[in-house]
Amino acid sequence: MTTVNRRTFLESLAAGSVAAGADAREASAAPDVQRPNIVFIFSDDHAQAAISAYGSRLKDTAPTPNIDRIAREGAIYERSYCANSICGPSRACILTGKHSHKNGFTDNEACVFDGDQVTFPKLLQKAGYQTALVGKWHLVSQPRGFDYWEILPGQGNYIHPEFIQMDGSTRRVEGYCTDLVTDKSLAWLKGSRDRNRPFLLLCQHKAPHRNWIPAERHYDLFKDVAIPEPETLFDTYEGRSSAVARQKMSIARDFNWGHDMLLHGKPADPRFSGSMDNREYQRMTPEQKAAFDKAYGPENEKLLADLASGRMSDDDVTRWKYQRYMKNYLRCVKAVDENVGRLLDYLDESGLADNTVVIYSADQGFYLGEHGWFDKRWIFEESLSMPFLIRWPGVIPKGVRSRALIQNIDYAPTFLQMAGAAVPEDMQGHSLLPVLKNRGRAPAGWRTGIYYAYYGENTHAVPMHDGVRTDRYKIFFLPNSNEWQLFDMEKDPKEQKSVHADPAYAAILADMKQRYHALRRQYDVNNSVIPTQRMVEEWWRARWQQKLKETRAGRDCPLIFLGDSITQGWEENGKAVWEKHFAPVQALNLGFSGDRTEHLLWRIKYGGLDALHPRAAIMLIGTNNTGHLQRPAEETAAGIRAVIGEFQKQLPRTPLVLLAIFPRGEHPDDPLRRRNDEINDRIRLLADGARVIWMDLCEGFLRPDKTLSREIMPDYLHLSPAGYELWSRGLEPLWKRLGLDVATR
Ligand code: SGN
Ligand code: CA
């Protein structure tokens, strides 16, 4: 066993020799190595612009001296980005060092973090670190890899929050969340931990997350101050995809009277919407409520009077909302900053500071009125960016400002390398050590672009998109509308105009598309295999909820049909045939128009199908992978393989009838028809004749010369009533085999 003292350990880090592999394992096995402690202070929705060290328009109004101290005594990263700009996904990226499609936590609405995965806390624990987690977690499953944890349930509360304990019980604690998370972190630091071993502490605040409830001591902060507005508060959304205008995160349109604006009662003015109350107020004691009302009451009264007088224009109302929002947000930040100070002070007093790496970060950025928005999700700069400030005495010199492109998937490998532990090969991020020890300058060979993917949610109606940010440009793709967007960040830092169609940018566009595809290849992104929902589309969400209700009712349903619009069409052109053959056996139609393999995959994963105990399922999927985005056959075939895998996971005893994708296009040499043929050639191999039964009905729809007729497929894709009759007949041989009592002709 080698013994390494702190100096040699740091020197070896600086020389880059402590990395993955034998050295690292040896080092981590040594009990007396002075490996650094890691204190990771992590807040929720804290935008770079609300940290004064970043130097934004708010820096003088709302300084953050304690957070800034980390930058002053260490480094601040200006090009620090997340991989997916929402809570759970960002946290999963951090824990695993992998993009969302690899760690499986793509969205906040359905995903549960798979705790069996390799995470950096588990590996640090194995390497001898004591590990602790306090505060917001938001990954649904219980934390693993921690010697001690105490977490907020879900989003948690600001006022007298509950904490879930390691034994699964929940305890309500009196006080203000940001203070309590720090109290508990300090208690652990001061408590019974082994002083001879290094530690990892994740101190994770709820603040400054919506609905922005300050600590009582900060109610009057910024009272008579006008918070500077961003230039784009009244963005008109011209020059960009129409999806940018359609989101529901607008200060003007989407704030609740109670929940966000902290007023009581119901708004009489139509420019205030949303009926959600301020539930944090309801958690307060009578004394706290009185203090709250005393602080906010007069301003509220004035607003009501001004609204009633008719004096306020729409823009005045938006400005008022902006001020109310920002003051509360910045008050929450103030408490975070004070609590960062408390932790830093303790590190000083206890003598731990010298050998402790301190990082301040947040799960994503946030819109502080830019584009007229609150919230995040978009690849635009304010929410793509994450704060990243780091202090590491002896390794990082003071006052470094870095413009290297870094990302949250880098944190896990960085922490592992700091601890001298091996970095698993399948982690997709890169250790930041070579950047940290190079005064923040990107060393040769460092990445020149980051990959980003947001998978779409119902909340705030931001559609799925993915893209790449390089030093100068940003490109992204919106699959729902099949649109590219391109921004020149140097000429248009506020991202006001997409130049994707500007001939002057043709070469840049081509280059950025190439980078986009290259990074997707590098990270192994095949959207056909990534479970994806379409909640942003209202009709899809309504159909999903309706079908989920039917499934959950657990009715006797021997037969289900899984697919896209061709399957959904049993409710339209196929209705007569369905009524005759399938309605009598209580079959269930789970066809969703426009679905691709990734959507069906998501529906099977989260659809509760096991409640139905079906005797068989008939699946037709894939033609939209071909039609919408001309995906390569092998990607779609992999998607179908994934769907089958998920189906078998959910319904291990139900045979799945896999239909060859129906022909499309009038002629046999139609490129999309040929693409489908190619997919069929691949997927027929997935059948085993028992659990997966292959059925190719294609010939039945074709004329002898292999052309399609308009009588069968009026648009050469969807079936006519006669087409559904043919489909039903084609299935007839199955019924006996599957023991189903479907009426035949
Ligand atoms: C809640 C908020 C949203 C926010 C999401 C995700 N609504 O749903 O505004 O985008 O959390 O936030 S609220 O009515 O509950 O305030 S995240 O930080 O967890 O990603
Ligand atoms: Ca968040």
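Residues numbered from 1 in each chain as written. Chains lettered and ligands numbered in written order. Predicted model: local features only at pLDDT ≥ 70, side-chain atom pairs only at ≥ 80, totals over all residues. Heavy atoms only, no water.

Topic: the packing of helix α21 (residues 633–650) against helix α22 (residues 671–683)
- Axis separation between α21 and α22 bottoms out at 9 Å; the angle between their running directions is 45 degrees. When the axes of α21 and α22 are compared, the pair comes out oblique. Here α21 runs over α22; the crossing is right-handed. Between α21 and α22, the contacting residues are Ala633, Glu634, Thr636, Ala637 and Ile640 on the first element and Arg675, Glu678, Ile679, Arg682 and Ile683 on the second. (Axes fitted to C-alpha atoms, helices over the stretch in contact; angles between N-to-C directions. Helix = DSSP H or I, 4+ residues; strand = E, 2+ residues; numbered from the N terminus. Parallel < 35°, antiparallel > 145°, perpendicular 65-115°, else oblique. Left-handed = near helix turned anticlockwise from the far one by under 90°. Contact = heavy atoms within 4.5 Å.)

Re helix α11 (residues 314–350)
- Look at α11: 54 Å from first C-alpha to last across 37 residues, which is about the 54 Å you get at 1.5 Å a residue.
- Summarising burial for α11: 26 of the 37 residues are buried, a large majority. (Expected span 1.5 Å × (residues − 1). Buried < 20%, exposed > 50% of the residue type's maximum accessible area, 1.4 Å probe, protein only.)

Comments concerning the site of ligand 1
- Close to ligand 1 lie 18 residues, the nearest being Gln155, Asp375, Lys376, Arg377 and His460.
- In this structure, Asn108 approaches ligand 1 through a side-chain N or O atom, which is 3.1 Å from an oxygen atom.
- Contact between ligand 1 and Arg210: an oxygen atom at 2.8 Å from a side-chain N or O atom of the residue.
- Considering ligand 1 on its own, with 460 Å² of exposed area, one finds that the protein chains cover 86% of that surface. (Near = heavy atom within 4 Å. Polar contact = N/O pair within 3.5 Å; in protein donor to acceptor, adjacent residues only side chain to side chain. Areas by Shrake-Rupley, 256 points an atom, 1.4 Å probe, with all protein chains shown as cover.)

With respect to the pairing of strand β8 (residues 199–204)
- Most of β8 sits inside the fold, with six of its six residues counted as buried.
- Because side chains alternate across β8, one face comprises the buried residues Phe199, Leu201 and Cys203, and the other comprises Leu200, Leu202 and Gln204, equally buried.
- Pairing geometry for strand β1 (residues 37–43) and β8, over five bridges, is parallel. Each bridged residue has a counterpart across the sheet, and for Phe40 the counterpart in β8 is Leu202. (Pairing = 2+ DSSP bridges.)

Concerning the coordination of the calcium ion (ligand 2)
- Bound to the calcium ion (ligand 2) on the protein side are Asp44 (OD), Asp45 (OD), Asp363 (OD), Asp363 (OD) and Gln364 (OE1), at distances that span 2.1 to 2.8 Å.
- What the six donor atoms of the calcium ion (ligand 2) show is an angle range of 50 to 170 degrees at the metal, which sorts the shape as irregular.
- Sequence spacing of the donors to the calcium ion (ligand 2): D-D-x317-D-Q. Accessibility assignment for this pair places Asp44 and Asp45 in one class, buried. (Donors = N, O, S within 2.8 Å, 3.2 Å for Na, K, Ca; no water. Tetrahedral: all angles 85-135°; square planar, octahedral: opposite > 155°, others 65-115°.)

Thoughts on the environment of Phe105
- Inspection of the secondary structure assignment puts Phe105 in the loop between α5 (100–103) and α6 (120–126).
- Its relative accessible area of 1% is what places Phe105 among the buried residues.
- For Phe105 and Cys93, which are 12 residues apart along the polypeptide, the C-alpha to C-alpha distance reads 8.3 Å.
- If sequence neighbours within four positions are ignored, Phe105 has contacts with Gly88, Pro89, Ala92, Ser100, Cys111, Val112, Phe113, His138 and Leu139.

Overview of the packing of helix α10 (residues 286–309) against α11
- Contact pair α10 / α11: the axes reach a minimum separation of 12 Å and the direction vectors enclose 170 degrees. Judged by the inter-axis angle, α10 sits roughly antiparallel to α11. The hand of the α10/α11 crossing is left-handed. In this structure, α10 uses Tyr296, Glu299, Asn300, Leu303 and Leu307 to contact α11, whose residues at the interface are Val317, Trp320, Arg324, Asn328 and Arg331.
- Across the contact of α10 with α11, the residue classes tally to five nonpolar, two polar and three charged. (Nonpolar A, V, L, I, M, F, W, Y, C, P; charged D, E, K, R; others polar.)

Let's talk about unusual backbone geometry
- Along the chain, Ala207 connects to Pro208 via a cis peptide bond; the corresponding omega equals -5 degrees.
- Position of Pro208 relative to the elements: it lies in the loop between β8 and α8 (242–246).
- For the bond from Arg210 to Asn211, the omega torsion is 10 degrees, close enough to zero to count as cis.
- The residue Asn211 is located in the loop between β8 and α8 in this model.
- One non-glycine residue, Arg377, adopts positive backbone phi at about 75 degrees.
- Tracing the backbone shows Arg377 in the loop between β9 (356–362) and α12 (381–384).
- Positive phi values are uncommon outside glycine, yet Asn482 reaches one of about 55 degrees.

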